[in-house]
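# What the coordinates show
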Amino acid sequence: MKRFVPVLAVLALLGAGLPAHAADVKPVKPDPESTQAEAKPAKAAKTAAKPAKTDAKPGKSDIKPAALPATTDSLGLLERAVARDSSKFDNLYRLGIMYLDREKNPEAARVFAKANQVRPKNVKVLVNLGVALDNINQPLEAQNYYRQAITVAPMDSLATCRYATSLYAQGKFSDAMQMLRDLIAKQPRSHCAYFTMGVAFADAGLYRDAIRMWKKVVELAPASAEAQSAKESIDVLERFLAGQ
């Protein structure tokens, strides 16, 4: 599985200055030093969405699919296996993950939709199907699957985080931030909620609040891909703020 790139990359498409939605992005705990939005650093690169790995137990390691060699031959073998028999859930799920890893989102959506038919109400399939649909600009359909995942597993924090991220990308900033605040209130150890909120704060130019959220991610889940991304982004932002 590919690791997250630094989440500061989400600033690539924003340009300089404070976004118009900054008023909707409020710190969880007000920080006197962060009430002003700082100028944006110039560095940025686009962030690709990642395959979702869910676990209904907050604070635990996410479920990971069985490892497959990341080679073209492995993908071809799996594609042929699914073509011969599309009723085997494990093959469908693994193929969907491989497609997401390769950013073949339409193919991933198609395969996860089939997996959902074979094994309905599987949370990791529902969330990954939502991710694939979000990646091909079908947010309403994606959000439908996130809601289904939350209905099946109300304590699955990643499904909620993905849902909030999808709403935020649609411009529904207040709804997204309230969803994340509610998740943190219910599951204080949900590192994906802090991670996603940190991205929102960085987007809004509230860099000190973003750093605070990402430090919480590192504290709660130091071995996670989100923590690695958070560490790199913290370093970039702290150096930027030190130079102001």
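Cut-off values and rules
Residues numbered from 1 in each chain as written. Predicted model: local features only at pLDDT ≥ 70, side-chain atom pairs only at ≥ 80, totals over all residues. Heavy atoms only, no water. Helix = DSSP H or I, 4+ residues; strand = E, 2+ residues; numbered from the N terminus. Buried < 20%, exposed > 50% of the residue type's maximum accessible area, 1.4 Å probe, protein only. Contact = heavy atoms within 4.5 Å. Areas by Shrake-Rupley, 256 points an atom, 1.4 Å probe, with all protein chains shown as cover. Axes fitted to C-alpha atoms, helices over the stretch in contact; angles between N-to-C directions. Left-handed = near helix turned anticlockwise from the far one by under 90°. Nonpolar A, V, L, I, M, F, W, Y, C, P; charged D, E, K, R; others polar. pLDDT = per-residue confidence, 0-100.

### Focus: the overall build of the chain
A tally of helices and strands in the chain yields 10 helices and zero strands. Secondary structure elements in the chain, listed N-terminal to C-terminal, are α-α-α-α-α-α-α-α-α-α. When the 244 residues of the chain are sorted by exposure, 49% land in the buried category. Across the chain, contacts joining residues at least 24 apart in sequence account for 64% of those joining residues at least 6 apart. Of the roughly 12000 Å² of accessible surface on the chain, a fraction of 54% belongs to carbon and sulfur atoms.

### Re the packing of helix 2 (residues 89-101) against helix 4 (residues 123-135)
In contact at an axis separation of 11 Å, helix 2 and helix 4 are set at 30° when each is read in the N-to-C sense. Where helix 2 crosses over helix 4, the two elements pack in a sense that is left-handed. Along its contact with helix 2, which presents Phe89, Tyr93, Ile97 and Leu100, the element helix 4 presents Lys124, Val125, Asn128, Val131, Ala132 and Asn135. Classifying every residue of the contact of helix 2 with helix 4 gives seven nonpolar, two polar and one charged.

### A word on unusual backbone geometry
The residue Glu103 is not glycine, and still its phi comes out positive at about 60°. If you trace the backbone, Glu103 turns up in the loop between helix 2 and helix 3 (105-118). Notably, Lys121 is not glycine yet its phi reads approximately 65°, a positive angle. For Lys121, the position within the fold is in the loop between helix 3 and helix 4. We classify Lys121 as exposed; its relative accessible area is 63%.

### What to know about the confidence of the model for the chain
Mean pLDDT over the chain works out to 80, with 70% of the residues at or above the 70 mark. Here residues 8-23 is modelled with pLDDT under 50, and outside its nearest four sequence neighbours on either side it reaches 35 contacts, counting other chains as well. Note that residues 54-70 has pLDDT below 50 and, in this model, 31 contacts with residues that lie over four places away or in other chains.

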